[in-house]
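Structural overview for review
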Amino acid sequence: PDFATHVVGVGGMCINERHEVLVVQERRAATTTSQGSWKLPGGLVDLAEELDVAVEREVLEETGVRSRFKSLLALRHQHGAAFGRDDAYCVCLLSPLSAEIRACEREIAAAAWLPLPEYYEGTKATSARQGVEENFNAFVARNVIAAAEAGNLDGAAIGLAAREMPAPKGYLPGVTGLTNRETYRLYSGFH
């Protein structure tokens, strides 16, 4: 295949004990229908960076809030996105390790802790502006609220947990992505 077939992005759904989600408003949103909307902090995964490390880094860079990865909640795959490449966007559940917000002034217009239902209503309003009944973020928020109401807002109860796995031996260098490190991350709902 052509080199660099995908761009991989992450969004951090960082939820505190009061069931508030950490959200941002971008200075310059990707679309006019998203401008001014609350969204999850996040960005692109760097080359050779693990998803869990990337989402913790992006949340810290955009909001100043330190967090811990709990699980991979959802993955959206779409074609013909940024740079003419396919886009894989991963929403990850995080727990905050700090609470004070220090937004990145270069990228972020505002950042806040919003109650989950208020965030969900905002995602539904953005969905309507985008001409869809429910966009990806609204879908994820609705399901996270249902999990919270059922008492299952735990990385082990929802989503895919990260596990460190030993890399298989004997593969030819450059044939698979499993040969450049001794271990790799597996994201799975299996325990």
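Above this text you will find the structure in question.
Now for a description of the structure that goes with this document. A quick note: this is a predicted structure, and the numbers were derived from the prediction, not measured. (Residues numbered from 1 in each chain as written. Predicted model: local features only at pLDDT ≥ 70, side-chain atom pairs only at ≥ 80, totals over all residues. Heavy atoms only, no water.)

1. So, the overall build of the chain
- If you tally the helices and strands in the chain, you get 3 helices and 8 strands.
- Listing the helices and strands of the chain from first to last along the sequence gives β-β-β-α-β-β-β-α-α-β-β.
- In the chain, which comprises 191 residues, the share counted as buried stands at 40%.
- Across the chain, every contact between residues at least 6 apart in sequence was considered, and the portion connecting residues at least 24 apart equals 64%.
- Counting every atom, the chain has about 10800 Å² of accessible surface; 55% of that belongs to carbon and sulfur. (Helix = DSSP H or I, 4+ residues; strand = E, 2+ residues; numbered from the N terminus. Buried < 20%, exposed > 50% of the residue type's maximum accessible area, 1.4 Å probe, protein only. Contact = heavy atoms within 4.5 Å. Areas by Shrake-Rupley, 256 points an atom, 1.4 Å probe, with all protein chains shown as cover.)

2. Notes on the layout of surface pockets
- Computed from the structure, the largest pocket encloses a volume of approximately 1100 Å³.
- Lining the largest pocket are 36 residues, with Glu26, Ala30, Lys39, Arg76 and Tyr89 positioned closest to its centre.
- Of all the secondary structure elements, the ones that give two or more residues to the lining of the largest pocket are β1 (6-14), β3 (42-44), β4 (67-78), β5 (86-96), α2 (116-129) and α3 (136-149).
- Per-element accounting of the lining of the largest pocket gives the leading share, 4 residues, to β1.
- Among the residues forming the lining of the largest pocket, the class breakdown is 13 nonpolar, 14 polar and 9 charged. (1 Å grid on protein atoms, 1.4 Å probe; cavity = no way out; pocket = protein on both sides within 12 Å on 5 of 7 lines; lining within 4 Å. Points joined across faces, edges and corners; volume = space filled by probe spheres on them. Nonpolar A, V, L, I, M, F, W, Y, C, P; charged D, E, K, R; others polar.)

3. So, unusual backbone geometry
- Its identity is not glycine, yet His19 carries a phi of approximately 60 degrees, on the positive side.
- Take His19: its relative accessible area is 33%, and that puts it in the partly exposed class.
- Positive phi, normally seen in glycine, also occurs at Ala48, with a value near 70 degrees.
- With respect to the helices and strands, the residue Ala48 is situated in the loop between β3 and α1 (51-63).

4. Side note on the pattern of salt bridges
- For the structure on display, the rule yields 10 salt bridges.
- For Lys124, the salt bridge is made with Glu121, and the minimal N-O distance between the two is 3.3 Å. Remark: Glu121 and Lys124 occur in helix α2; sequence separation between them is 3 residues, near one turn of the helix.
- Classification of Glu121 as partly exposed rests on a relative accessible area of 44%. (Salt bridge = Lys/Arg side-chain N within 4 Å of Asp/Glu carboxyl O.)

5. Focus: the state of the cysteines
- Applying the stated criterion across every chain yields a total of 0 disulfides.
- Take Cys92: it sits in no disulfide, and the sulfur closest to it among the cysteines is that of Cys90, at 5.9 Å. (Disulfide = S-S within 2.5 Å.)

6. Describing α1
- Counted at 1.5 Å a residue, the expected span for α1 with its 13 residues is 18 Å, and the 18 Å between its end C-alpha atoms agrees.
- Looking at α1, one finds that the buried residues are Leu51, Asp52, Ala54, Val55, Arg57, Glu58, Val59, Glu62 and Thr63.
- Looking one or two residues past α1, Gly64 carries a phi angle of roughly 80 degrees, positive in sign. (Expected span 1.5 Å × (residues − 1).)

7. Topic: the packing of aromatic side chains
- Applying the stated criterion across every chain yields a total of 2 aromatic pairs.
- Look at Phe69 and Tyr187: their rings are 5.9 Å apart centre to centre, the planes differ by 75 degrees, and that puts the pair in the edge-to-face class. Of this pair, Phe69 sits in strand β4 while Tyr187 sits in strand β8 (residues 183-188); the two residues are 118 residues apart in sequence, bridging distant segments of the chain.
- Considering the side-chain rings of Tyr89 and Phe136, the 5.9 Å spacing of their centres and the 70 degrees angle between planes classify their relative orientation as edge-to-face. Pair noted here: Tyr89 is in strand β5 and Phe136 is in helix α3, with a separation of 47 residues, a long-range link. Accessibility classification places Tyr89 together with Phe136 in one group, the buried group. (Phe/Tyr/Trp six-rings, centres within 6.5 Å; stacked < 30°, edge-to-face > 60°.)

8. Some points on the sheet that holds β5
- Taken together, the 4 strands give an open sheet; going across it, the order is β3-β1-β5-β4, and neighbouring strands pair in mixed fashion. Of all strands in the sheet, those bounded by a partner on one side alone are β3 and β4. Looking at each pair of strands side by side, their axes are set apart by 20 degrees on average, direction ignored.
- By the bridge criterion, 9 bridges tie β1 to β5 in an arrangement that is parallel. From the neighbouring strand, Met13 faces β5, where its bridge partner is Leu93. (Pairing = 2+ DSSP bridges. Axes fitted to C-alpha atoms, helices over the stretch in contact; angles between N-to-C directions.)

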